[in-house]
Amino acid sequence: MGKNLFQKVWEKHLVRELPSGQSQLFIGLHLIHEVTSPQAFAMLRELGLKVAYPDRTYATCDHIIPTDGRERPFADPMAEEMMQAIERNTKEFGIQFFNPESGAQGVVHIVGPEQGLTQPGMTVACGDSHTATHGAFGAIAFGIGTSQVRDVLATQTMTISPFKVRKVEIKGKLGEMVTSKDVILHVIRKLGVNGGLGYAYEFCGEAVENMSMEARMTLCNMAIEGGARVGYINPDEVTFEYLKGRPYAPKGEEFEKRKEYWKSIASDPDAEYDDVVVFEASEIEPMVTWGINPEQGIGISETIPAPKNDTMKEALEYMKFGAGDKMEGKKIDVCFIGSCTNGRIEDFRMAAKYLKGRRVASHVRALAVPGSYEVKALAEKEGLDVIFTEAGFEWREPGCSMCLAMNPDRLKGDQISASTSNRNFKGRQGSSTGRTLLVSPVMAVAAAVEGCITDCRKIFGGVK
Amino acid sequence: MKLEAIKQVKGTAVPVAGDDIDTDRIIPARYLKCVTFDGLGLALFFDERFGEGGKPLGHPVDAPEYKGARFIISGNNFGCGSSREHAPQAIIRAGYDVIIAGSFAEIFFGNSTTLGIVCVTLPDAERAELMALVKKDPKSEFMLDVEARTLTAGGKTYSVGIKDGARKAFLDCTYDSLAQLLSGKDQVKELEAKLAYRF
Ligand code: SF4
């Protein structure tokens, strides 16, 4: 029997078994941001500890940073305090900080990959649940809490128990305008928001192999929304091509040498899995959520199901939707394109392709928030910003923005937002009665243009 | 790091009904804007407790009859969502040490364990019984025995689910892992030197 990627990478990073029965695992790459790190540094200071391997930790700021301008001090004094804390902490402990002036600042899960920091066969940890994103490269990437951020800073290791591995195969080819966002919403809907508890998801199959790195990151990003703390994809030529020439990727001969390692950690053809599930790509439609967790979603041609449990009843009540309703035709107030799920260059290219020459409906506020300065610069070089602004979108500075609304970008009252982010929890977008519909960038653009949820294939394609 | 072993917890319980109580509900994102965890207890379940203009919504954690409770009884998939340690920090700082749920989201479970919050599971029917018990008699005394994996309440003893690793850590007083990790320094160094990659 062969081994799967998770097992191989785990073995290479296992320091030892602890008396508690848990494992001490080495973390090859540690990423931090301003929200979950200040308390960890405070704990280090309290204990008089140093950062054990400062060249294995990289910092950025994304959650609280305003996206309408970068003037200091920030208007929100708490945001300013958090920014100063990460500046001070990274300086004092000798950690590379991708601040706005560096031209590399952005959402942590976008910055790591685009800098070439995230590579196959690594263990990656970050005080953020969407760390699973980095698994798109064939890394094992964990979201961790602040005490664990402290542990990794102090020792470059953490305690954890191994996961089971579920192979999630997407067979065949995806239909027109069906994206990896639709795939993951479909998977979560079928397996449930806690279906992945205790598992790492290995995504594979023809549809996944055909995906770009950006699309793969979208897929792995939301593994956590299905309860799986880790999601990953075996590295292949698409992965290696993406890494070539990135600032922190190995160069020349070293690149070729490293590639051997990268190839060696991919799952063996006869690898063992704890579970296998198979989906047909052709059965996946553009998706939209109707409820208050990511499992409460439907294909655009379907209707909201009759509530089977209290959570579903609660969702309908909160969303003010009825069982049997179509999502098609539901009016939206806001459109948000961005986040670590869909804030990469390909997402903006995809959105711009359909947005070109069209206008956002007059009652809709539309925000385009690039995931990083690199995404922003590339998009502007290609003239995408012009397409967005001419259509009536706000073109903003990089950050998490309205994904969790810790900065001033937020919903008002019970506004409905078509969002490319990953969470539709109650109050997620900054208003305790605000409503979030999770969609792909193409669906978001379609909704912005029509002013309501609509089948993107009807307005942009030949599909009637 | 001075910790105490957690063998038994005694106290009353508050019912927080519902499945999938996510971390945004446990603590809304705007309360993450802080550089220390102090004072987070006040933000616990904030948007479920207070409406527009701070109007109290009658959440059980504010009900006088549940004041001083140390146990939370809730539904399935408790703590799903973000990795924010602010969520268990808010819970422990509001005075709760035990959560009884149908299941827990993984990151939340790990974060809670590190802080010394005991997360135990019970099937739906038994949790419904306990919910009914504390609604009828909010002063019912709960007793969790970590070692025996039992919960006694309302004259009945339930066997609870508790992960082996967490249970051992509570009993051995190793639930805050840093001291253990630090003791492996040399092995870490050895492994790092052999690793196929560095920056
Ligand atoms: S974009 Fe949203 S989900 Fe991603 S790291 Fe930022 S807040 Fe978290």
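Residues numbered from 1 in each chain as written. Chains lettered and ligands numbered in written order. Predicted model: local features only at pLDDT ≥ 70, side-chain atom pairs only at ≥ 80, totals over all residues. Heavy atoms only, no water.

Asker: Any chance you could break down the overall build of chain A for me, citing the residues and the numbers?
Answerer: If you tally the helices and strands in chain A, you get 17 helices and 19 strands. Since a compact globule built from 464 residues should have a radius of gyration of about 23 Å, the 21 Å found for chain A is in line with a globular shape. A principal-axis box enclosing the C-alpha atoms of chain A has dimensions of 55 × 55 × 45 Å. Among the 464 residues that make up chain A, the fraction classed as buried is 68%. At a minimum sequence separation of 6, the contacts of chain A that also span at least 24 residues come to 74%. Accessible area for chain A stands at about 14900 Å²; split by element, carbon and sulfur atoms hold 48% of it. A distance of 1 Å separates the average location of the 54 positive side-chain charges in chain A from that of its 61 negative side-chain charges. (Helix = DSSP H or I, 4+ residues; strand = E, 2+ residues; numbered from the N terminus. Rg over C-alpha atoms; globule rule 2.2 N^0.38 Å. Buried < 20%, exposed > 50% of the residue type's maximum accessible area, 1.4 Å probe, protein only. Contact = heavy atoms within 4.5 Å. Areas by Shrake-Rupley, 256 points an atom, 1.4 Å probe, with all protein chains shown as cover. Lys, Arg positive; Asp, Glu negative; His and termini not counted. Charge placed at Lys NZ, Arg CZ, Asp CG, Glu CD.)

Asker: Explain the site of the ligand to me, using residue names and the numbers behind them.
Answerer: The local shell around the ligand consists of H63(A), V107(A), H109(A), D128(A), H130(A), S339(A), C340(A), C400(A), C403(A), L404(A), N422(A) and R428(A). Its residues placed into classes, the shell around the ligand shows five nonpolar, five polar and two charged. (Near = heavy atom within 4 Å. Nonpolar A, V, L, I, M, F, W, Y, C, P; charged D, E, K, R; others polar.)

Asker: Help me get a handle on the packing of aromatic side chains, residues and values and all.
Answerer: All names here are of chain A. Summed over the entire model, instances satisfying the criterion amount to 26 aromatic pairs over all chains. Taking 6.2 Å as the distance between ring centres and 80° as the angle between the ring planes, the aromatic pair formed by F98 and Y248 counts as edge-to-face. Of this pair, F98 sits in strand β5 (residues 96–98) while Y248 sits in the loop between α9 (237–243) and α10 (252–264), and the two are 150 residues apart along the sequence. Centre to centre, the rings of F348 and F388 are 5.9 Å apart; their planes meet at 70°, and the pair counts as edge-to-face. In this pair, F348 is assigned in helix α13 (residues 345–355) and F388 in helix α15 (residues 384–391), connecting sequence segments 40 residues apart. Given a relative accessible area of 0%, F348 falls into the buried group. In this structure F388 comes out as buried when scored by relative accessible area, which is 0%. Put simply, the rings of F6, W10, F142 and F163 pair up and form one aromatic cluster. If you follow R246 out to its NZ or CZ, it ends over the ring of Y242, 3.8 Å from the centre. (Phe/Tyr/Trp six-rings, centres within 6.5 Å; stacked < 30°, edge-to-face > 60°. Lys NZ or Arg CZ within 6 Å of the ring centre and 35° of its normal.)

Asker: Residues and numbers for the nonpolar core, please.
Answerer: Residues and elements named next belong to chain A. With 220 residues, the main nonpolar core has F142 and F388 as its most contacted residues. Tallying contributions element by element places helix α16 (residues 441–450) first for this core, with eight residues. The contact partners of F388, leaving out residues within four places of it in the chain, are I337, F348, A351, A352, L355, A368, F393 and W395. Membership of the second largest hydrophobic core comes to seven residues, among which are F336, L367, V369 and C403. (Core = buried A, V, L, I, M, F, W, Y, C linked by side-chain atoms within 4.5 Å.)

Asker: Tell me about the interface of chain B and chain A, and please be specific about residues and values.
Answerer: Across the boundary between the two partners, chain B contributes 50 residues, which contact 73 residues of chain A. Together, the buried faces of chain B and chain A total about 5100 Å²; carbon and sulfur atoms form 58% of this surface. Area buried by chain B at its contact with chain A is led by K33(B), Y197(B) and F199(B), which between them contribute 17% of it. At the junction of chain B with chain A, the criterion picks out five salt bridges. A salt bridge links R25(B) to E314(A), with the shortest nitrogen-to-oxygen separation between them at 2.9 Å. There are 22 residue pairs in polar contact (both at pLDDT 80 or more) connecting chain B and chain A. Taken together, the elements giving at least two residues each to the side of chain B that touches chain A come down to α1 (23–26), α2 (46–49), α4 (106–115), α6 (164–172), α7 (178–182) and α8 (185–194) of chain B. (Buried area = accessible area lost by both parts, 1.4 Å probe. Salt bridge = Lys/Arg side-chain N within 4 Å of Asp/Glu carboxyl O. Polar contact = N/O pair within 3.5 Å; in protein donor to acceptor, adjacent residues only side chain to side chain.)

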